[in-house]
Amino acid sequence: MQRVRRRGWTGLVALVLFGMGLSTAATGWAADETHVSGPFSGVKVNGGTVTHQHQGGHSILTLSADFEPPGTPDPHWQVVDSQGRTHLLQRLDVKGDRLNRSIPLPDYVPDVAKVQMWCAFAETLLGEASFASPVK
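Computed from a prediction, not measured in an experiment: that's the story for all the values here.

Student: Any details on the overall build of the protein? Residues and values, ideally.
Tutor: On a plain count of helices and strands, the protein comes out with one helix and eight strands. Across the 136 residues of the protein, 31% fall into the buried class. Counting contacts in the protein only where the partners sit at least 6 residues apart, residues at least 24 apart contribute 48% of the total.

Student: Give a description of the nonpolar core that names residues and reports values.
Tutor: Considering soluble globular proteins, one finds that nonpolar side chains tend to be buried as a cluster. Core analysis: the biggest nonpolar cluster contains 21 residues, and Phe40, Leu61, Trp77, Val115 and Met117 have the highest contact counts within it. Elements that contribute at least two residues to this core include exactly strand S3 (58-63), strand S4 (75-80), strand S7 (112-119) and strand S8 (124-135). Excluding anything up to four places from it in sequence, Leu61 contacts Val50, Thr51, His52, Trp77, Val79, Arg101, Ser102, Ile103, Leu105, Val115 and Phe131.

Student: Can you lay out the pattern of salt bridges for me, pointing to particular residues and giving the numbers?
Tutor: Within this structure, the stated rule accounts for three salt bridges. Arg91 serves as the salt-bridge partner of Asp74, at 2.5 Å between the closest nitrogen and oxygen. Of this pair, Asp74 sits in the loop between S3 and S4 while Arg91 sits in strand S5 (residues 86-91); the two residues are 17 residues apart in sequence, bridging distant segments of the chain. One salt bridge in this structure joins Asp81 and Arg85, with 2.8 Å as the shortest N-O distance.

Student: Break down unusual backbone geometry for me, with residues and values.
Tutor: Positive phi is not limited to glycine here, since Glu123 has a value of about 50°. Residue placement: Glu123 occurs in the loop between S7 and S8.

Student: So what's going on with the sheet that holds strand S1 (residues 35-36)? Residues and values would help.
Tutor: The sheet built from four strands is open, its strands ordered S1-S2-S3-S6 with antiparallel pairing. Across the chains shown, the open sheet's two edge strands, defined by having one partner strand only, are S1 and strand S6 (102-104).

Student: So what's going on with the sheet that holds S4? Residues and values would help.
Tutor: What the four strands build is an open sheet, ordered S5-S4-S7-S8; its pairing is antiparallel. Edge positions in the sheet fall to S5 and S8, since each of these pairs with one other strand and no more. Ignoring which end each strand starts from, the neighbouring axes of this sheet average 20° apart. With seven bridges connecting them, S7 and S8 associate as antiparallel partners. Each bridged residue has a counterpart across the sheet, and for Met117 the counterpart in S8 is Gly127.

Conventions used here
Residues numbered from 1 in each chain as written. Predicted model: local features only at pLDDT ≥ 70, side-chain atom pairs only at ≥ 80, totals over all residues. Heavy atoms only, no water. Helix = DSSP H or I, 4+ residues; strand = E, 2+ residues; numbered from the N terminus. Buried < 20%, exposed > 50% of the residue type's maximum accessible area, 1.4 Å probe, protein only. Contact = heavy atoms within 4.5 Å. Core = buried A, V, L, I, M, F, W, Y, C linked by side-chain atoms within 4.5 Å. Salt bridge = Lys/Arg side-chain N within 4 Å of Asp/Glu carboxyl O. Pairing = 2+ DSSP bridges. Axes fitted to C-alpha atoms, helices over the stretch in contact; angles between N-to-C directions.

Pasting the structure below:
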């Protein structure tokens, strides 16, 4: 009878250790899904970065705290995918002095190689930040 208990206890310990290993691996995988771009550079936007991560099944782009808005009439988020296609997204400015510092990527954007700040009024590039490799 004592042998059965030892086997049962050993099996339980092995199961717990296995579960801890899976938990550690899952945490590592989640950490791998965060990507930070290089700094913005351009005519009006210099400095700050963009972070890409997955939250709740969506790809999210977030500007760093040191990002300075360009001060132009109609700045927008724009992304360039790995095929060189541009996708004009949301306006950077919101009513008042608020900014869209974080936006979800639409499903039709396959990946992101660069994030750009685009002036829709003057139709000109204000600055861009690139990822080391395209992020999905």
